[in-house]
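Structural overview for review
One-letter residues, chain by chain:
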Amino acid sequence: MITNHQSSKTVKLFKSIHKNKSKRNESGFTIAEGVRLVTDILSDEQSRRLVKRIIVSESILNGQSNNEYQQQLEHWLNVVEMESRQSKEAFASGSNTEDTIDPVTINIGTDQVLAACSGTVSTQGIVALMEIPKSLDESIVAKTANGSSKPPFYVILDGLQDPGNVGTILRSCAASYVSALVLLPDSCDVWNPKAVRSAMGASFRVPVIELNGRVGALAKALDMLDDCGIESNRVFAATMEDTGDGRSSIAHYDVDFDKGAAIILGKEGEGLREEVRNAMGQGLISTVHIPMAQGTESLNAAVCGSIIMFERMRQLSVIQSANAN
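Anyway, here's the lowdown on the structure attached to this text. These figures come from a predicted structure and were not determined experimentally.

**A closer look at the pattern of salt bridges**
By the definition in use, this model includes 9 salt bridges. As a salt-bridge pair, Asp102 and Lys52 come within 3.3 Å of each other at their nearest N and O atoms. Taken together, the positions of Asp102 in the loop between helix H6 (68–93) and strand S3 (105–109) and Lys52 in strand S2 (residues 51–57) put the pair 50 residues apart, joining distant regions of the chain. Linked by salt bridges that have partners in common, Lys52, Asp102 and Glu131 make up one network.

**Here's the deal with the packing of aromatic side chains**
Evaluated as defined, the whole model comprises 2 aromatic pairs. Ring centres of Phe153 and Phe257 lie 5.7 Å apart, and the angle between their planes is 90 degrees; this geometry places the pair in the edge-to-face category. Within this pair, whereas Phe153 is found in strand S5 (residues 153–158), its partner Phe257 is found in the loop between strand S9 (250–251) and strand S10 (261–266), the two being separated by 104 residues in sequence. For Phe153, a relative accessible area of 0% translates into the label buried.

**Section: the pairing of strand S1 (residues 29–33)**
Among the 5 residues in S1, 4 count as buried, and that is most of the element. One ladder, built from 5 bridges, connects S1 with strand S4 (residues 126–131); its direction is antiparallel. Each bridged residue has a counterpart across the sheet, and for Phe29 the counterpart in S4 is Glu131.

**Some details on a positive patch on the surface**
The grouping of Lys9, Lys12, Lys15 and Lys19 at the surface amounts to a positive patch. Relative to the helices and strands, Lys12 resides in helix H1 (residues 9–19). A relative accessible area of 48% means that Lys12 is categorised as partly exposed.

**Considerations on the sheet that holds S5**
Pairing between the strands of a sheet comes from backbone hydrogen bonds, and it takes one of two forms, parallel or antiparallel. An order of S7-S6-S5-S10-S8-S11-S9 is seen for the 7 strands of this open sheet, with the pairing classed as parallel. Edge positions in the sheet fall to strand S7 (208–210) and S9, since each has one partner strand and no second. Running over the sheet, helix H13 (residues 301–324) touches S5, strand S8 (235–238), S10 and strand S11 (286–289) and is turned about 170 degrees from S10.

**Observations concerning the environment of Leu222**
Relative to the helices and strands, Leu222 resides in helix H11 (residues 217–227). C-alpha of Leu222 to C-alpha of Ser232: the two residues are 10 residues apart in sequence and 6.2 Å apart in space.

**Examining H11**
Listed as buried for H11 are Ala217, Leu218, Ala221, Leu222, Met224 and Leu225. Projected onto a plane normal to the axis of H11, the buried residues spread over an arc of 160 degrees and lie on a single side. Those residues of H11 that are exposed and angled more than 90 degrees off the buried face are Asp223 and Asp227. Positive phi shows up at Gly229, right after H11, with a value of about 85 degrees.

**Brief notes about the environment of Thr10**
With respect to the helices, strands and loops of the structure, Thr10 is situated in helix H1. A relative accessible area of 15% places Thr10 in the buried class. On a C-alpha basis, the gap between Thr10 and Ile55 in space is 9.5 Å, while along the polypeptide they are 45 residues apart. Not counting the four nearest positions on each side in its chain, Thr10 is found in contact with Ile2, Arg53 and Ile55.

**Describing a negative patch on the surface**
Together, Asp44, Glu45, Glu98 and Asp99 make up a negatively charged patch on the protein surface. If you trace the backbone, Glu45 turns up in helix H4 (residues 45–48). In this structure Glu45 comes out as exposed when scored by relative accessible area, which is 51%.

**Brief notes about the side chain of Thr39**
Within the secondary structure, Thr39 is located in helix H3 (residues 35–43). Judged by relative accessible area, which is 1%, Thr39 ranks as buried. Apart from the residues lying within four places of it in its own chain, the contact partners of Thr39 are Tyr69, Gln72, Leu73 and Trp76.

**Digging into the nonpolar core**
With 55 residues, the main nonpolar core has Val155, Ile169 and Leu181 as its most contacted residues. Apart from residues lying up to four places away in sequence, Val155 is in contact with Ile169, Cys173, Val178, Ala180, Leu181, Val182, Ile263, Leu265 and Met309. One finds Ile156, Leu222, Ile264 and Ala279 within the second-largest nonpolar core, a separate group that totals 24 residues.

Procedures and definitions
- Residues numbered from 1 in each chain as written.
- Predicted model: local features only at pLDDT ≥ 70, side-chain atom pairs only at ≥ 80, totals over all residues.
- Heavy atoms only, no water.
- Salt bridge = Lys/Arg side-chain N within 4 Å of Asp/Glu carboxyl O.
- Helix = DSSP H or I, 4+ residues; strand = E, 2+ residues; numbered from the N terminus.
- Phe/Tyr/Trp six-rings, centres within 6.5 Å; stacked < 30°, edge-to-face > 60°.
- Buried < 20%, exposed > 50% of the residue type's maximum accessible area, 1.4 Å probe, protein only.
- Pairing = 2+ DSSP bridges.
- Patch = residues over 30% accessible without salt bridge, like charges linked within 9 Å, V, L, I, M, F, W, Y side chains within 5 Å.
- Areas by Shrake-Rupley, 256 points an atom, 1.4 Å probe, with all protein chains shown as cover.
- Lys, Arg positive; Asp, Glu negative; His and termini not counted.
- Charge placed at Lys NZ, Arg CZ, Asp CG, Glu CD.
- Contact = heavy atoms within 4.5 Å.
- Axes fitted to C-alpha atoms, helices over the stretch in contact; angles between N-to-C directions.
- Arc of directions from axis to C-beta.
- Core = buried A, V, L, I, M, F, W, Y, C linked by side-chain atoms within 4.5 Å.

Below is the structure:
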């Protein structure tokens with residue numbers, strides 16, 4: 001049991017990962033917290049393999065709750081404990097294989113320990129240290145896209161900073177068959193625990209591609225998309241109806257999503273970077289907008305992206321139904 005929230009090395013690790021992106025990059029860990037999120041993670045075999053340590057309060061382990069998710073959590077904690085015991089036995093006997101999962105350490109923590117390890121004002125009594133999945137290598141993106149039964153579709157974040165927005169976009173990506181989330185430089189760290197919490201498990205189900213280098217980031221993204229069969233004119237930057245360069249953008253419901261495509265969502269408040277705006281002005285990439293009531297200035301980036309994602313999903317469902325008949 002961890003009782004000292006000031007001297008515990010484990011608590012210090014959790015706190016540093018919450019606060020410091022460089023520590024997340026160095027350690028390769030992020031944090032998931034909350035009964036529902038940790039339950040969803042543990043119930044999925046793929047994401048459960050990423051869990052390395054869990055700190056849980058005594059009240060949860062005592063099972064003193066009628067909450068559905070808390071009851072499910074108790075079940076999955078037992079599963080993790082059983083799998084970890086089997087893994088330790090396999091490693092000890094030398095019978096482990098590449099499919100043998102690493103044992104997970106489960107610690108009981110006091111309320112003060114849980115509070116120190118949590119990034120929220122009111123802790124829900126459980127936090128999990130998780131391995132960050134490796135960023136999808138650009139060299140295998142095309143193979144991944146070509147192996148899907150649906151036309152490839154990528155969401156590109158151009159400098160979005162708010163973890164809540166990024167988490168919401170990840171949830172929409174997971175729910176609408178998006179091939180991958182692409183991060184241009186200066187975008188929010190998707191492994192910021194706030195973004196992980198907002199994504200509610202989607203962070204571990206949606207492939208993430210991080211493009212480095214501020215110069216030529218868009219060109220690099222367009223080359224990658226071209227390898228996936230998506231030509232640059234099928235890349236749509238989300239804008240207002242009037243793009244400001246004398247051209248009108250396409251309404252989101254007029255885009256044909258039966259073919260591969262990608263959308264670019266700009267930074268909150270500032271919009272799209274100069275490289276993207278130049279590509280729009282040159283006609284290298286296309287633009288898309290969501291028609292709105294007169295006098296409405298703009299939509300939240302996560303709302304905008306989600307509307308476009310689900311319009312694509314609607315179109316694909318209509319096509320699938322038509323083909324079935």
